[in-house]
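Each chain, written out:
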Amino acid sequence: MSTKTKNLELFKYDPAADGASTFNIEQALNGNWDKVDNEVAARVKTAELAAEVKKVVKDGSLTAADLGAEPTGTAANEVSTHDAAADAHSTLFAKKQDKIKGTKGKYLGFTANDTVGEVDAPASGGSRIMLTFATDFVGQVWTLKGGGETYTGTVDSSKTATVSVLGIDTTYTLSAVLSGTTYTTEITTKAYYTALAATLEKFQSTITVTVDSGSTVTATLGSTVLTKTSNGTAVFTVGKAGTWAIKATKGDQTAEGTVNITASGQSKSLTLSYANVFGVCWDTSNSSTALTRLTPSTDPYGLVTKSVTTEPVPAVGTGAGSSPFDSFMPWSGMKECNLNNAGAVTAWKGDSGFSRSNNFTMVFIPEFYVAAKRNGTKQYFYVSDKPKTGMTKHPGSGKYVGRYTIPGSKSGVTSTVNITRTTARSNAKKNGDKWHLYDFATYCAIIFLYVVEFADWDCQSKIGRGYVNYNRAFGSGSTDSMAYHTGRESGTDGEAAVQYRWIENLWGNLDQWVDGINISHRAAFCCTDPSKYEDDTADGYTNIGELPNSDGFITDLTVTNNGLLIPKAVGGSETTYIPDYVSGNPRGWCALYVGGYWYDKSRAGLLCFNANFVALGSDTNVSARLMCEV
């Protein structure tokens, strides 16, 4: 049986060679049917693949027509001045295209039959751009230029043209002149082959982005993505109305904003800034209360982006004060306001409706980000106004804290004392769902802001001793006459109220209960979720370390990655290390109150840390302060 058909090589009966005894019916029939069946199956798969290829779309703009050949002939919409050689534009598939099914040996990139995979573009890259023109441009010459390439053509009645370009991550400018005015739009290719679209309308606006030189800046509206490198500014010509998303990157830094374009001819500007990061270093082996300011060149962890050359100057009475941090968030955002029971701002200081007689006179602490690093005896503290790699949002930021101690937070009242922490917490919650007691996370947030700003642990010498030389407490509002946010009222230091960024008497006058921390046998358990605040429990709390095993002036701290801190060691004095006093009760559960009171003298201070009362304890020198969630 030697005779076979030409195409499929099916077996045929050959009268000259085959007889009744030699004709193999099984081979002729079964073998032929198998070949026919396999061929039909292969052709079905080929048809399916063709259908799949037509559906391959990377960004929504690739159509079946795009999978065809380059335009041919002499139509007006063809590219006339660029050599679009086949070897430069031979592959239409895009890296990272939608996955398609292929057969081994037939389709590039597939290693087995019926495999689902991706097809890589050639190393030379390139993209296909569909140009679309408004009716006004019919008959006009258009130019597409970028990356050393230039393409031209004339807009015909179809108002479209297709161009294959070579550039990767290249911005191309499409332009045409109409009645003496040149209209332009831009499009940026990607790092892989894809189909893009550019539309030229009788519309032209510019967006100027001011940002650090060397930044990569993108402007995005829908599927249009433009990219520039800033030399101090990056100028985009846009041909579409809408809200453009602007993003700048430089190294691991990112800054974002938006620009709303509503009409042709507009010129809009946007200034972007990267994270401002300040840092200080405390050498715990040195008895000095001072910390060292870090600069971008001296920071061993590479986080600092800003340095200061002048020191803060607190005010006395109605006198002037100053701080280089007044120009930077989050410090500059610490402002007084009035809240209602729902926790909404009713007036900011300076508004006509603002009053310190309002029951809820609060100070806003903006969101900020922190890092804490330890290397031997050196402890590093960092504060950033924006997110940054390696830094964490401080859980005590983005909150409102009472300017005054309770009741409420208003000027001219006598503070509530002889109140347990349990009762103070319950009373705070009665104000509304967002109201709580001054908590440990917010307390630590204020410490971070203070120490990075002043770079010295001795807040009593830097700002004022506070009411610490008396035999009684004073009512709220003693610093109301001050024009500057930080300092002390007029009078003898030690017999004058203090304030830090509008918060009155964070130390001195009265100790203040702090919620969100429970201490058992000197082990400190902390929580940052106000809904879980309870006394005498570790449930829902995290153990962050232990207090020193004796009382005294602080010489070292335990600092967590998210900016919580507790005293770790003692042995200093009222003029060394951290000159604030820590005391505790090693027996059973205790609560925390901070700051020191009217007769604590040099023991008082921002880090004065007392854990020797149970939550149900009370005293004439202990009050509380309100806090409200945003």
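What you are looking at is a predicted structure, and each value in this text was computed from that prediction instead of being measured. (Residues numbered from 1 in each chain as written. Predicted model: local features only at pLDDT ≥ 70, side-chain atom pairs only at ≥ 80, totals over all residues. Heavy atoms only, no water.)

Peer 1: Let's hear about the pattern of salt bridges: which residues, and what values?
Peer 2: Applying the stated criterion to the full structure yields 18 salt bridges. The closest approach of N and O atoms between Asp556 and Arg374, which form a salt bridge, is 3.0 Å. Here Asp556 is found in strand E34 (residues 552-559), whereas its partner Arg374 is found in strand E23 (residues 369-375), with 182 residues between them in sequence. A salt bridge links Asp535 to Arg425; the nearest nitrogen and oxygen atoms lie 2.6 Å apart. Taken as a pair, Asp535 in the loop between strand E32 (523-526) and strand E33 (542-546) and Arg425 in helix H2 (residues 421-429) lie far apart in primary sequence, 110 residues in all. Here Arg425 falls in the buried class, since its relative accessible area comes to 8%. Among the charged side chains, a network of salt bridges with common partners joins Glu336, Lys349, Arg356, Arg403 and Asp480. (Salt bridge = Lys/Arg side-chain N within 4 Å of Asp/Glu carboxyl O. Helix = DSSP H or I, 4+ residues; strand = E, 2+ residues; numbered from the N terminus. Buried < 20%, exposed > 50% of the residue type's maximum accessible area, 1.4 Å probe, protein only.)

Peer 1: Account for empty space enclosed by the protein, with residues named and values stated.
Peer 2: In this structure the tally under the stated criterion is 7 cavities of 30 Å³ or more. Counted as a void, the largest cavity has a volume near 70 Å³. If you go around the largest cavity, the residues you meet are Thr185, Glu186, Ile187, Ala197, Ala198, Thr199, Thr224, Leu226, Gly239, Lys240 and Trp244. For the lining of the largest cavity, the secondary-structure elements that each account for two or more residues are strand E8 (181-188), strand E9 (195-200) and strand E12 (224-229). (1 Å grid on protein atoms, 1.4 Å probe; cavity = no way out; pocket = protein on both sides within 12 Å on 5 of 7 lines; lining within 4 Å. Points joined across faces, edges and corners; volume = space filled by probe spheres on them.)

Peer 1: How would you sum up the nonpolar core? Please name residues and give values.
Peer 2: Phe381, Phe440, Trp457, Leu607 and Phe609 are the most contacted members of the largest nonpolar core, which totals 61 residues. Per-element accounting of this core gives the leading share, 13 residues, to helix H3 (residues 440-454). (Core = buried A, V, L, I, M, F, W, Y, C linked by side-chain atoms within 4.5 Å.)

Peer 1: Describe the packing of aromatic side chains, naming the residues involved and giving the relevant values.
Peer 2: Following the criterion strictly, the structure yields 28 aromatic pairs and no others. Centre to centre, the rings of Phe525 and Trp589 are 5.8 Å apart; their planes meet at 50°, and the pair counts as tilted. With a gap of 64 residues between them, Phe525 in strand E32 and Trp589 in strand E37 (residues 589-594) connect regions that are remote in the sequence. Site record: aromatic cluster; members linked through ring pairs are Phe278, Phe325, Phe328 and Trp331. Lying across the ring of Trp502, Lys349 places its NZ or CZ 3.5 Å from the centre. Its guanidinium or amino end placed over the ring of Tyr581, Arg603 lies 3.9 Å from that ring's centre, counting from NZ or CZ. (Phe/Tyr/Trp six-rings, centres within 6.5 Å; stacked < 30°, edge-to-face > 60°. Lys NZ or Arg CZ within 6 Å of the ring centre and 35° of its normal.)

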